[in-house]
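Take a look at the letters that make up each chain.
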Number of protein chains: 2
Amino acid sequence: MNYPNGIKKENKILEPKSINYKNRGMSLEEDLNITNRYYIDNHIAYIYKKPTPIKVVKAEYIKEKYRVIREAYYSEPSTTDYNGIYKGYYIDYEAKETKNKTNFPLNNIHPHQIKHIRNIVSENGICFLIIRFTSLNKTYLLKAKDFLEFIDKEKRSSIPISYIEKLGYLIKDKFLKRIDYLEIVDNIWRL
Amino acid sequence: MNYPNGIKKENKILEPKSINYKNRGMSLEEDLNITNRYYIDNHIAYIYKKPTPIKVVKAEYIKEKYRVIREAYYSEPSTTDYNGIYKGYYIDYEAKETKNKTNFPLNNIHPHQIKHIRNIVSENGICFLIIRFTSLNKTYLLKAKDFLEFIDKEKRSSIPISYIEKLGYLIKDKFLKRIDYLEIVDNIWRL
């Protein structure tokens, strides 16, 4: 922000930084997108990522019926990011990645999402986390019950990888299916 | 758009119109929001509206970690707007309103959404439309199967209200629950 006569405001103001979203890599999300697309196209399951909630304040028409949004803000999601139907069952999960090698930080997951996970478990929905350790190139499925048990017992800011290795399930990388988590769901929930 | 020297461009250009979203009324959506909130708070069902998909092209930081979106575009949804879990079952519906008094226009519902409805029905998920005739102040639940049967048999651009009155279920207005569609779901699907 420029002030007349070069007067500097007292408090430090950060220069607005433009963020270009065109080339942003989202590796776990991209892989899950490919996996879910495979499941949909092959009529195995219909599971989708929920769009990020955005509150629109201002938009313009640039052509008749063609709108561009000019002012909007990200909102916090009230639920997990992924849900859908598989073999007639409700399925729901959150996917997170971390660069850490020894633990999974819990600040990744918002209180609303934890509450939502509890709600789904109370309804006996199929519910879990997909956790990727990017530096180790390992992706685990951790049942929601095992996740909730940890956070309710331990008052810690992260889950040690040993807990996830012990109670979680390593998801194999595959070419077409990428992160074939439904193979593991079949075994755990005996579908 | 202003041109130098008052030169008018050949093709007509529509002036960009600012749309302020702050006071936009969305009556069926608002009612469903209240209903769904009631269901969630009373641990009856966990059903949410999916956020509108928006593709973000440009955003700025205006404060540290506080972003405003400056350029974004609405995308077409790939699924219906509402889904969740009820009594352990996957539930999925689309909600539309019309000012028409004698028919429900089908251009309201996109091909992707129709395909999604077919997919959910093939999985035996609980699936339906909520249709509100705003001028008549009547809201109906129409089973997905009845909807699909109509559009597959009749090559028409709208569903006559007589079909909806005959095969659909009128949803009573209630004070707290607003549009208590689950009461009807219980009866239809014998839950």
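This report concerns the structure included in the present document.

What counts and how
Residues numbered from 1 in each chain as written. Chains lettered and ligands numbered in written order. Predicted model: local features only at pLDDT ≥ 70, side-chain atom pairs only at ≥ 80, totals over all residues. Heavy atoms only, no water. Helix = DSSP H or I, 4+ residues; strand = E, 2+ residues; numbered from the N terminus. Contact = heavy atoms within 4.5 Å. Buried < 20%, exposed > 50% of the residue type's maximum accessible area, 1.4 Å probe, protein only. Pairing = 2+ DSSP bridges. Axes fitted to C-alpha atoms, helices over the stretch in contact; angles between N-to-C directions. Parallel < 35°, antiparallel > 145°, perpendicular 65-115°, else oblique. Left-handed = near helix turned anticlockwise from the far one by under 90°.

Topic: the side chain of asparagine 119 of chain A
Considering the arrangement of structural elements, one finds asparagine 119 of chain A in helix α2 (residues 111-122). In contact with asparagine 119 of chain A, not counting residues within four places along its chain, are His43 and Tyr46 of chain B.

So, the pairing of strand β8 (residues 126-133) of chain B
Residue and element names in this part refer to chain B. Buried residues dominate β8, accounting for eight of its eight residues. Burial along β8 is two-sided: Ile126, Phe128, Ile130 and Arg132 facing one way and Cys127, Leu129, Ile131 and Phe133 facing the other are all buried. Bridging between strand β6 (residues 89-98) and β8 involves eight bridges; their strand directions are parallel. Bridge pairing links tyrosine 93 to phenylalanine 128 in β8. Pairing between β8 and strand β9 (residues 138-143): six bridges, direction antiparallel.

Remarks on the packing of α2 of chain A against helix α3 (residues 144-153) of chain A
Residue and element names in this part refer to chain A. Following both chains from N to C, one finds α2 and α3 inclined at 130 degrees, their axes separated by 10 Å at the closest point. When the axis of α2 is compared with that of α3, the two are oblique. The hand of the α2/α3 crossing is left-handed. Across the interface between the two elements, Ile114, Ile117, Arg118 and Val121 of α2 pack against Ala144, Lys145, Phe147, Leu148, Ile151 and Asp152 of α3.

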